[in-house]
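Listed below are the residues making up each chain.
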Amino acid sequence: MIPEKDLFDNVLRGFWAVSWVIAGALMVVGSPYGSQTSYRGKLAVNGQLAWIVMELVSPVALLYARFSHMVPVLRLFKVTAATHSTGPAAEGLLSFRNLLVLLWLMHYAYRAILYPLRQPSRKPMHLGIMLSAVVFNSINGYLNGRWLSMFAPLEYQQNCTVYIADNYGRCWVGLILFVGGIIGNIYHDNILMRLRRSPQSVNKKQKPISTRYSIPYGGLFSFVSCPHYLCELIEWVGFAILSDSPAAWTFVINVACNLIPRAYHIHNWYLSTFPTTYPPSRKAVIPYLL
């Protein structure tokens with residue numbers, strides 16, 4: 001039997017390392033889901049259903065890791081479950097670490113359920129992409145949930161108002177970035193959804209590609225091609241600042257390694273689709289830089 005802390009640290013290091021490999025692969029081969037793919041083979045699955053399933057894994061894994069002892073699962077892998085040596089006699093429902101769980105659930109309530117259900121349509125997804133996302137989200141949910149459950153400072157069990165008052169600067173910066181990021185994400189998603197419902201999107205297969213799609217305008221689209229990705233990055237940076245967790249910061253690296261290459265390919269797609277009309281001042285995801 002090995003201590004769970006050793007398992008946790010090893011998985012965390014591996015998760016961090018793999019993110020850079022994924023980033024390199026995505027820069028070369030592109031991002032094979034959503035608008036960047038047209039896969040229709042035998043392993044294609046309903047895009048909307050696949051998205052819901054793979055995204056829901058993350059909050060489920062986090063809740064299980066946060067609120068269960070995980071003893072049966074850990075014993076299966078010959079791991080000794082971690083325990084807090086000391087701590088408050090009772091933790092209230094409104095503890096700081098439960099606030100972090102609530103923020104996580106807020107994000108995935110939108111990303112896993114509301115977002116796909118509101119989309120006009122979604123292209124089929126390769127089964128392998130869905131399964132790889134399930135694995136990723138399972139690991140990420142375990143790392144963040146278990147850190148909150150067993151490895152976070154004991155002060156995180158304080159009432160959230162008490163903890164925030166004692167850590168005013170970091171907490172408010174994190175909260176503002178998280179809430180601002182999620183609002184910006186929804187706002188720019190709405191712009192894209194309106195374009196997909198516009199008259200020129202009807203009977204898309206019968207039209208040239210340059211007339212099937214439109215250039216998005218409004219908000220941060222004035223500066224970048226993928227402001228929804230920028231806002232999601234901001235959101236998770238805010239969460240990482242707020243939680244001050246190695247698991248959350250590793251997730252930020254993973255999000256960046258996934259979204260930045262995808263934004264790069266989407267930006268180049270816009271440039272090739274609208275070579276004379278696409279605003280030349282726009283960058284891919286970071287204004288004025290990238």
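Residues numbered from 1 in each chain as written. Predicted model: local features only at pLDDT ≥ 70, side-chain atom pairs only at ≥ 80, totals over all residues. Heavy atoms only, no water.

**Details of the layout of surface pockets**
Move 1: Of the volumes computed, that of the second largest pocket is approximately 310 Å³.
Move 2: Considering the residues around the second largest pocket, the lining is formed by Leu7, Val11, Ala61, Tyr64, Ala65, Met70, Val73, Leu74, Phe77, Ser138, Ile139 and Tyr142.
Move 3: Considered class by class, the residues forming the lining of the second largest pocket number 11 nonpolar, 1 polar and no charged. (1 Å grid on protein atoms, 1.4 Å probe; cavity = no way out; pocket = protein on both sides within 12 Å on 5 of 7 lines; lining within 4 Å. Points joined across faces, edges and corners; volume = space filled by probe spheres on them. Nonpolar A, V, L, I, M, F, W, Y, C, P; charged D, E, K, R; others polar.)

**What to know about the side chain of Arg111**
Move 1: Structurally, the position occupied by Arg111 is in helix α4 (residues 96-118).
Move 2: Note on Arg111: relative accessible area 6%, which makes it buried.
Move 3: Among the polar contacts listed, one links the side chain of Arg111 to the side chain of Asn185, at a separation of 2.9 Å.
Move 4: With near-sequence residues (within four places) excluded, Arg111 lies in contact with Trp51, Glu55, Pro116, Asn185, Asp189 and Glu232. (Helix = DSSP H or I, 4+ residues; strand = E, 2+ residues; numbered from the N terminus. Buried < 20%, exposed > 50% of the residue type's maximum accessible area, 1.4 Å probe, protein only. Polar contact = N/O pair within 3.5 Å; in protein donor to acceptor, adjacent residues only side chain to side chain. Contact = heavy atoms within 4.5 Å.)

**Topic: unusual backbone geometry**
Move 1: In this model, Asp244 sits at a positive phi of 55 degrees, which is unusual for a non-glycine residue.
Move 2: Tracing the backbone shows Asp244 in the loop between α9 (227-243) and α10 (246-273).
Move 3: Of note, the phi angle at Tyr288 is positive, near 70 degrees, even though the residue is not glycine.
Move 4: Structurally, Tyr288 is set in the segment after α10.
Move 5: Classification of Tyr288 as exposed rests on a relative accessible area of 66%.

**Let's talk about the environment of Ile186**
Move 1: You can see Ile186 is positioned in helix α7 (residues 168-196).
Move 2: Taking C-alpha positions, Ile186 is 8.5 Å from Tyr110, a pair spaced 76 residues apart along the chain.

**Focus on the packing of aromatic side chains**
Here the distance between the centres and the angle between the planes together describe a pair of aromatic rings.
Move 1: Inspection of every chain in the model, using the stated rule, returns 26 aromatic pairs.
Move 2: Judged by centre distance (6.2 Å) and plane angle (40 degrees), the rings of Tyr108 and Trp236 are tilted. With Tyr108 in helix α4 and Trp236 in helix α9, the pair connects residues that are 128 residues apart, well separated along the chain.
Move 3: Classification of Trp236 as buried rests on a relative accessible area of 1%.
Move 4: Three or more aromatic residues link up through ring pairs in this structure, and these residues are Phe15, Trp104, Tyr108, Phe136, Phe178, Trp236, Phe239 and Phe251. (Phe/Tyr/Trp six-rings, centres within 6.5 Å; stacked < 30°, edge-to-face > 60°.)

**Description of the UniProt feature "transmembrane region" (unreviewed entry) in the protein**
Move 1: Under the present numbering, the feature "transmembrane region" (unreviewed entry) in UniProt falls on residues 12-29, 49-67, 94-113, 125-143 and 172-192.
Move 2: Here residues 49-67 runs as 100% helix and 0% strand, with 27 Å between its end C-alpha atoms. (UniProt positions renumbered as here; feature names shortened; annotations may be inferred.)

**A closer look at the packing of α4 against helix α5 (residues 127-151)**
Move 1: Two elements in contact, α4 and α5, have axes separated by 9 Å at closest approach and are oriented at 160 degrees. One way to sum up the angle between α4 and α5 is to call them roughly antiparallel. Taken as a pair, α4 and α5 cross one another with a handedness that is left-handed. Within the contact between the two elements, α4 uses Arg97, Leu100, Val101, Trp104 and Tyr108 and α5 uses Asn137, Asn140, Asn144, Leu148 and Ser149.
Move 2: Among the residues forming the contact of α4 with α5, the class breakdown is 5 nonpolar, 4 polar and 1 charged. (Axes fitted to C-alpha atoms, helices over the stretch in contact; angles between N-to-C directions. Parallel < 35°, antiparallel > 145°, perpendicular 65-115°, else oblique. Left-handed = near helix turned anticlockwise from the far one by under 90°.)

**A closer look at the packing of α4 against α7**
Move 1: Packing of α4 against α7 brings their axes to within 12 Å, and their N-to-C directions diverge by 5 degrees. Relative to α7, the element α4 lies roughly parallel. Side by side, α4 and α7 meet where Phe96, Leu103, Met106, His107, Tyr110, Arg111, Tyr115 and Arg118 of the first sit next to Arg170, Cys171, Leu175, Phe178, Ile182, Asn185, Ile186, Asp189, Asn190 and Met193 of the second.
Move 2: Class assignment for the residues of the contact of α4 with α7 results in 11 nonpolar, 3 polar and 4 charged.

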